[in-house]
Amino acid sequence: MARYILGIEWDDMYVHACLIRTSMGDFAMERCLVHERDLDENGVAVHAVSAEIKGIVSALGVHVDACVTALREKDIMHRPVTRPFSDRRKIAGTIGPEMEGLLPGTDNDTVVDFVVLGRDASGSTRAEAFAVNSSIITETISGLKDAGVDPRIIDSPSVALACGARNIFDLDTHKNYIQMHVGWDYTSLAFLNGRNLVKVASFPLGLRSFFPDDPMNTDISRAMEDARDKGIENDVILMEWTREVLISISGLGMDSDGYVIIPSGYTDRIHGLFSGLEEIEGISLDHPVKKEWVSVATEDALSGCFLACSLALRDEDNADPVNFRQGELSFTQARERIKKMAITMGKVMAVFFVLWFAGAGLAVYLDGRILDDLSSRLEKEFVSVMPKGTPMVNPVVQMEQRLSTLSGKGISDSNGSALETIRDISKAVSPEIDVTMENITIDENGITLWGNTDSYDNVEKIKESLLSLAYIPEVRIVSANVDKKDKRVSFKMTCKKRKV
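Residues numbered from 1 in each chain as written. Predicted model: local features only at pLDDT ≥ 70, side-chain atom pairs only at ≥ 80, totals over all residues. Heavy atoms only, no water.

Enquirer: Hey, could you run me through the overall build of the chain in this one?
Expert: Check the secondary structure of the chain and you find 13 helices and 17 strands. For the chain, with 500 residues in total, the buried portion stands at 43%. Approximately 26900 Å² of the chain is accessible, and the part contributed by carbon and sulfur atoms is 54%. (Helix = DSSP H or I, 4+ residues; strand = E, 2+ residues; numbered from the N terminus. Buried < 20%, exposed > 50% of the residue type's maximum accessible area, 1.4 Å probe, protein only. Areas by Shrake-Rupley, 256 points an atom, 1.4 Å probe, with all protein chains shown as cover.)

This is the structure we're talking about:
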């Protein structure tokens, strides 16, 4: 399902917004908006920024799933720090006290965050720490809530620029880049080696600084209009601005490949902004190839809204996490946590289902093997126990009936069990008679015997022997035939049992 992410930032003159649609990790840029604020003759905004943002959100015509914004650089204090360890929890635990002195003269709580930038030559972890007054964060959240959106992330501009650069442009992994964003009051810089952030910086020179310091020039709106149409020049500020950029670059040192500067923000309104930098060997100005998903935005629109686009991307790309909204349990954050927990639980349930399905399949396979083995054994036992030629219909019931018959349970007299009857027959037949009993069937009606002997006389003797038993009143010879192979007489005779 698609999600709509709104990145938004503003200054005294403009509100910049970017709406990005995400689905299954893919981005699509929906809108880039530049809203010029209404100013009075002194250059002060007539309407609260929350009211203007509310109008922008309403004009988008979609439900905003998440909002990301950034504080102004002038409200953030920076400090580079190094630590002999890389664990983020340890770094967070030691940065707080060091940053407390960066915001003197305030009774408000200080919110501290940091971004890890790699390691230095000695192997220590480099980081850039930030400190912000909590009252500024509270004001930002309150203003955006009044506008109908709840910021999930409140970022640092310079850190957010790195997110935008690596997701908007196709960066060469072997080149060094400087994403340079000229704002109204400040210039923000993000240094990247390929896609990796290696340094952030900012200095208090923005578009406002290039306007002539003329007490009579109070119509800032008209001056901005002139700057947009004609551009502005201020050689003194331009030299100072160039010097600040070079100071930031010198902190890392120049390598053989140098740096490619990617400009954004109000850079197109300042004449000769990069002329001093382009004269320096190793520094070039370029716009790398944009990725396909950014095709909806023109180069000018993308440049002006670059920070807003970077912020919108921050919701999906959290490679360099900085979020000044800490410890504040908003509905959006709670919903996101529930969503992540649901996704995690879904994955766990999927694993359990796969394991259960595999286990069930294995159980069915093993049960089948066991059933086949038991069936084979049952068939062998049935053949060995039942009379030859007996069809196997319900083997268990048939063998139970067979056992009942052999154990004498089917005899309704008091002459004892089948085993006792067989013993009586064995005693009655003289051992001098050459006879082999092949089968004996005993039921409630009588006894049937199959066997063979060496003569017809022995058949008669066996009959007389059986008649000697008190409970056998009658014996009938059913058949007596000579076998051609062994010349023995095969016989079958039945004995009627006396009823009790």
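Enquirer: Before we go on, may I ask you to explain the sheet that holds strand 15 (residues 446-453) in this structure?
Expert: Sheets are built from strands that pair by backbone hydrogen bonding, the pairs being arranged parallel or antiparallel. Pairing is antiparallel across the open sheet formed by 4 strands, whose spatial order is 14-15-17-16. Across the chains shown, the open sheet's two edge strands, defined by having one partner strand only, are strand 14 (435-442) and strand 16 (474-482). Pairs of neighbouring strands in the sheet enclose a mean axial angle of 15 degrees, with direction left out of account. Where strand 15 meets strand 17 (residues 489-496), 8 bridges bridge the pair, whose relative direction is antiparallel. Note that in strand 17 the partner of Trp-450 across the bridge is Lys-492. The sheet contacts of helix 12 (residues 418-428) involve strand 14 and strand 15, and relative to strand 14 the element is tilted by about 150 degrees. Against the sheet, helix 13 (residues 456-467) contacts strand 14, strand 15, strand 16 and strand 17, and its axis sits at roughly 160 degrees relative to strand 16. (Pairing = 2+ DSSP bridges. Axes fitted to C-alpha atoms, helices over the stretch in contact; angles between N-to-C directions. Contact = heavy atoms within 4.5 Å.)

Enquirer: Help me out: how do you make sense of helix 3 (residues 134-146) in this one?
Expert: Since one α-helical turn is 3.6 residues long, residues separated by three or four positions face the same way. Relative to the 18 Å expected for 13 residues at 1.5 Å per residue, helix 3 spans 18 Å between its end C-alpha atoms, a close match to the ideal helical length. Taken as a whole, helix 3 has its buried residues at Ser-134, Ile-136, Ile-137, Thr-140, Ile-141, Gly-143 and Leu-144. Packing partners of the buried residues in helix 3 comprise strand 1 (3-10), helix 1 (49-60), strand 4 (66-70), strand 6 (110-119), strand 7 (125-133) and strand 8 (151-155). Directly after helix 3, the chain includes Gly-148, whose backbone phi takes a positive value near 95 degrees. (Expected span 1.5 Å × (residues − 1).)

Enquirer: Sorry, what's going on with a nonpolar patch on the surface here?
Expert: The grouping of Val-348, Met-349, Val-351, Phe-352 and Leu-355 at the surface amounts to a nonpolar patch, some 500 Å² of accessible area in total. Along the chain, Val-348 turns up in helix 10 (residues 331-385). Residue classification places Val-348 among the partly exposed residues on the basis of a relative accessible area of 33%. (Patch = residues over 30% accessible without salt bridge, like charges linked within 9 Å, V, L, I, M, F, W, Y side chains within 5 Å. Salt bridge = Lys/Arg side-chain N within 4 Å of Asp/Glu carboxyl O.)

Enquirer: Would you mind showing me how to read the sheet that holds strand 9 (residues 176-182) here?
Expert: Sheet architecture is open: 5 strands sit in the order 11-10-9-12-13, paired in mixed fashion. Only two strands of the sheet have a single partner each, and these edge strands are strand 11 (196-203) and strand 13 (283-285). Within this sheet the neighbouring strands show an average axis-to-axis angle of 25 degrees, counted without direction. Bridging between strand 10 (residues 187-193) and strand 11 involves 7 bridges; their strand directions are antiparallel. Across the sheet, residue Leu-192 finds its bridge partner in strand 11, namely Leu-197.

Enquirer: How should the nonpolar core be read in this particular structure?
Expert: Within soluble globular proteins, side chains that are nonpolar tend to cluster in buried spots. Within the largest apolar cluster, 49 residues are counted, with the highest numbers of intra-cluster contacts made by Leu-71, Phe-130, Ile-137, Ile-168, Leu-197, Trp-293 and Phe-324. Contacts of Phe-324, omitting those with residues within four sequence positions, involve Leu-71, Ile-76, Val-111, Asp-113, Phe-130, Val-132, Ile-137, Ile-154, Asp-155 and Ser-156. Core analysis: the next-biggest nonpolar cluster, separate from the first, contains 30 residues, Leu-238, Ile-261, Tyr-266 and Ile-270 among them. (Core = buried A, V, L, I, M, F, W, Y, C linked by side-chain atoms within 4.5 Å.)

Enquirer: Whenever I open this one, the state of the cysteines confuses me. Can you help?
Expert: Think of a disulfide as a covalent bridge from one cysteine sulfur atom to another cysteine sulfur atom. Applying the stated rule across the entire model yields 0 disulfides. Cys-309 provides the cysteine sulfur closest to Cys-32, a residue in no disulfide bond, and the two sulfurs are 3.7 Å apart. Owing to a relative accessible area of 23%, Cys-32 belongs among the partly exposed residues under this scheme. (Disulfide = S-S within 2.5 Å.)

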